[in-house]
There are 2 protein chains.
Amino acid sequence: MNKAILLIIDGLGDLPTPKTPLQAAKKTNFDRLAKSGAVGLLSPIAPYIVPGSDTAHLNILGYDPHTYYPGRGPLEALGAEIGLQDGDVALRANFATIKNGEIIDRRAGRIETKDAKQLESILNMQIDDAQVIFKSTVEHRGVVVLRAEGLSPKVSDTDDHGEYKQSIPLNDSIEAIKTAALINQFTNEARNRLQNHTINKKRSLPANIILLRSAGPYKKIPSFAERFGITGACVAGGALYKGIARAIGMDVVAVPLATGDAKTNLKAKGSAAISALVDHDFVFLHVKGCDSAGHDGDFKTKKQFIERLDKELLPALMKSGAYLIITGDHSTPVSRKAHSGHPVPILVHGDSERTDDVLKFDEINCAAGGLGHLEGKDVMPLILNLISKAKKYGS
Amino acid sequence: MNKAILLIIDGLGDLPTPKTPLQAAKKTNFDRLAKSGAVGLLSPIAPYIVPGSDTAHLNILGYDPHTYYPGRGPLEALGAEIGLQDGDVALRANFATIKNGEIIDRRAGRIETKDAKQLESILNMQIDDAQVIFKSTVEHRGVVVLRAEGLSPKVSDTDDHGEYKQSIPLNDSIEAIKTAALINQFTNEARNRLQNHTINKKRSLPANIILLRSAGPYKKIPSFAERFGITGACVAGGALYKGIARAIGMDVVAVPLATGDAKTNLKAKGSAAISALVDHDFVFLHVKGCDSAGHDGDFKTKKQFIERLDKELLPALMKSGAYLIITGDHSTPVSRKAHSGHPVPILVHGDSERTDDVLKFDEINCAAGGLGHLEGKDVMPLILNLISKAKKYGS
């Protein structure tokens, strides 16, 4: 079958303490694939550059972020199924907890998605000539779209490394001044509306402020099918990943049980990926659990999520007959609770493909693999070559 | 001796079924060189990009094809010793077999070179103000040069993935319209002349049509000696490879017994390469047999050609005292019958050079070699460094 599934395990890579979560996990299927496939290390952007999830995904999917990255806001908005219009400015939003003027939790106790959804409707509003669209996505995450004449993305974040700051214009333009003022008006009005909401009355960490960052303008990107001559589908829970897929014109498969968190239904995602292979050449399958656990510094949850992938997701993928490419978009070491620039393991498996001597899929063993050390930009050429859909350069 | 021979084995790389031809071949000398030298993998263009032979050779020889690739037509024409003039448009030609309007063999049964040569004279013609120069090269391959005022390479191929299509102009210019019309007139007249030729009467797959592709304009390229400060010679049978060498101002050594196919006289090519070392710093030695066998899906012939190289070519090269660099320009897996983007093995051998632990020269073992994973652009710096002819960057 000349089709491929790219499984991106968000935040997969880690550091040894003394083992990495991937080394410590029981993962028969990952290791079986490593043994009968070929492995290597991947620098999602370039060696030791610390990637964002957005830039890493764009680069891995064949879109150099230096050219194609519109900022996180628009990608999240597309993921949340907001139909963006030219001139819109979109921002990434967090529900957070503020007390006596200080942010005491920038994720409002990692509020559950269903609670956050109930807060959504009160956060849509008209301010002067501007429409403000708010949409909650997964847990504390959401997106704000500002729609009016004469806006600019050149405004500062209100989410200043965990502190709340008023937005200020980043240049002297009328557009930036207007946009920063709009953001501050929205933030104040949102605080008023949130503080008395029933959902918040029962929470020890109330979702009583919206922190905003990564303002970006909407910009159309040439489609995946145009660029690579193959059809692609995306199976993901998180809004950002669906947004990236929509931005590059991939079909986004609806998987109701894909939650974008550690509790996501992996069997449902696996089935959706395999179904999508029927009428697509390529499926991009995203799972978030490792990254969230890494950010929380939670070794055990990260290890357990890898074990769940091994048991609940890989068997179906291995039976699919498709070429499998498994990697991460960056490392999120538990010891750092943040993204790092350490490369991530990558694995390629398919009929009659080259193998190597490596028997284990982890950060240390993969360094000696037959794929060598790759960069994000190499992944789409690798996949097109695997499925015999690459265009020859020259004759 | 501060001189080097670069042996490019066209289409060398392959995929395991379950062994690659290189793994399956008896190749004592290749493995001896691997053991006492250093090996690695080479991506002739960039990782997993599927190379053409033309772009790959240019890149390996230090000419970035994004800047220097004039199209295959002019390179083949230079290789066929047609003295190109400014304004010429050159195309790659195939003798093919057409029956009831359909191409039933796009290589006319891989017609032998000597038969093809006999058809050459009837294919040179004057059409209105244009001179059409036809030259047969190796087997079914040939080249057409169009010489007239006001021509353009912006015309479609008549060789449309194995189907015959009339050439059409690719833009609205008078030049493109004139060139496409000229190509179609030549094709019709050539069919008339070919169908009754005595050579074709005895053939079950007559060479009764000329298919044309890769129109390109003649463009002078800065010379190898100017760029690298060393003198270079080329020993090759195929017209394309001699053409690339001429395009970059290398001396092309005449080797009457170098046929550019699997029957080429390897001892004669080896002797020619060693003789050329006397008055050149560098010899580029090309052999085609593996690529043709790969395109034909012929594992046994590919393996046997590697064994012939091992027995008939390597001993002389190993005695020469020159630094040896052995690699391919791309993979042509037998299972795909086409070029692929899989990297190719590379081997470096010379007095007092670094070695590694790899004992075998093949696609799998070389992945762990001391040279690591290189790209085509790295080969000329590697060679200049080997022979101590590199210019220092900085002071």
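Above this text you will find the structure in question.
Residues numbered from 1 in each chain as written. Chains lettered and ligands numbered in written order. Predicted model: local features only at pLDDT ≥ 70, side-chain atom pairs only at ≥ 80, totals over all residues. Heavy atoms only, no water.

Visitor: Which residues make up the overall build of chain A, and what values go with them?
Guide: Helix and strand counts for chain A stand at 14 helices and 16 strands. Relative to its length of 395 residues, chain A is compact, with a C-alpha radius of gyration of 21 Å against a globular reference of 21 Å. Taken along the three principal axes of its C-alpha coordinates, chain A extends 65 × 50 × 35 Å. Relative to its full complement of 395 residues, chain A shows a buried share of 60%. Look at the contacts in chain A between residues 6 or more apart in sequence, and 74% of them connect residues 24 or more apart. Taken as a whole, chain A presents about 15,400 Å² of accessible surface, with 50% of it coming from carbon and sulfur. (Helix = DSSP H or I, 4+ residues; strand = E, 2+ residues; numbered from the N terminus. Rg over C-alpha atoms; globule rule 2.2 N^0.38 Å. Buried < 20%, exposed > 50% of the residue type's maximum accessible area, 1.4 Å probe, protein only. Contact = heavy atoms within 4.5 Å. Areas by Shrake-Rupley, 256 points an atom, 1.4 Å probe, with all protein chains shown as cover.)

Visitor: Explain the relation of the copies chain A and chain B residue by residue, including any values.
Guide: Superposition of chain A onto chain B requires a rotation of 121° combined with a translation of 0.1 Å along the rotation axis, giving an RMSD of 0.2 Å. What we have between these two chains is a three-fold relation. (Least-squares fit on C-alpha atoms with pLDDT ≥ 70 in both.)

Visitor: Requested: an account of the pattern of salt bridges, with residues and values cited.
Guide: Residue and element names in this part refer to chain A. For the structure shown, the criterion picks out 53 salt bridges over all chains. A salt bridge links Asp10 to Lys288; the shortest N-O distance between them is 3.7 Å. With Asp10 in the loop between β1 (4-9) and α1 (21-24) and Lys288 in the loop between β13 (282-287) and α12 (289-295), this pair connects stretches of sequence that are 278 residues apart. Taken as a pair, Asp10 and Lys288 share a single burial class, namely buried. (Salt bridge = Lys/Arg side-chain N within 4 Å of Asp/Glu carboxyl O.)

Visitor: Any chance you could break down the sheet that holds strand β14 (residues 323-327) of chain B for me, citing the residues and the numbers?
Guide: All names here are of chain B. What the eight strands build is an open sheet, ordered β12-β11-β13-β1-β14-β15-β2-β16; its pairing is mixed. The open sheet is flanked by β12 (251-252) and β16 (372-375), the only strands paired with a single partner. Relative to strand β15 (residues 344-349), β14 is paired through three bridges, and the arrangement is antiparallel. Looking at β15, one finds that Ile325 is bridged to Val348. Each of β1 (4-9), β2 (38-43) and β13 (282-287) touches helix α3 (residues 53-60); the most contacted strand, β1, lies at about 160° to it. (Pairing = 2+ DSSP bridges. Axes fitted to C-alpha atoms, helices over the stretch in contact; angles between N-to-C directions.)

Visitor: Residues and numbers for the interface of chain A and chain B, please.
Guide: At the junction of the two partners, chain A supplies 21 residues and chain B supplies 32 residues. Between chain A and chain B, roughly 2,100 Å² of surface is buried when both sides are summed, and carbon and sulfur atoms account for 51% of that area. Per-residue buried area on chain A facing chain B is highest for Arg354(A), Tyr393(A) and Ser395(A); these three make up 41% of the total on that side. At the junction of chain A and chain B, the tally comes to one salt bridge. Note that Glu353(A) and Arg336(B) form a salt bridge whose closest N and O atoms lie 3.7 Å from each other. Of all elements in the fold, only β16 (372-375) and α14 (379-386) of chain A reach the threshold of two or more residues within the side of chain A that touches chain B. Sorting elements by how many residues they give to the side of chain A that touches chain B places α14(A) first, with four residues. (Buried area = accessible area lost by both parts, 1.4 Å probe.)

Visitor: Please give an account of the packing of helix α3 (residues 53-60) of chain A against helix α10 (residues 239-247) of chain A that cites residues and values.
Guide: All names here are of chain A. Contact pair α3 / α10: the axes reach a minimum separation of 10 Å and the direction vectors enclose 35°. The hand of the α3/α10 crossing is right-handed. Where α3 approaches α10, its residues Ser53, Asp54, His57 and Leu58 are matched on the opposing element by Leu240, Tyr241 and Ile244. Residues belonging to the contact of α3 with α10 are distributed by class as follows: four nonpolar, two polar and one charged. (Left-handed = near helix turned anticlockwise from the far one by under 90°. Nonpolar A, V, L, I, M, F, W, Y, C, P; charged D, E, K, R; others polar.)

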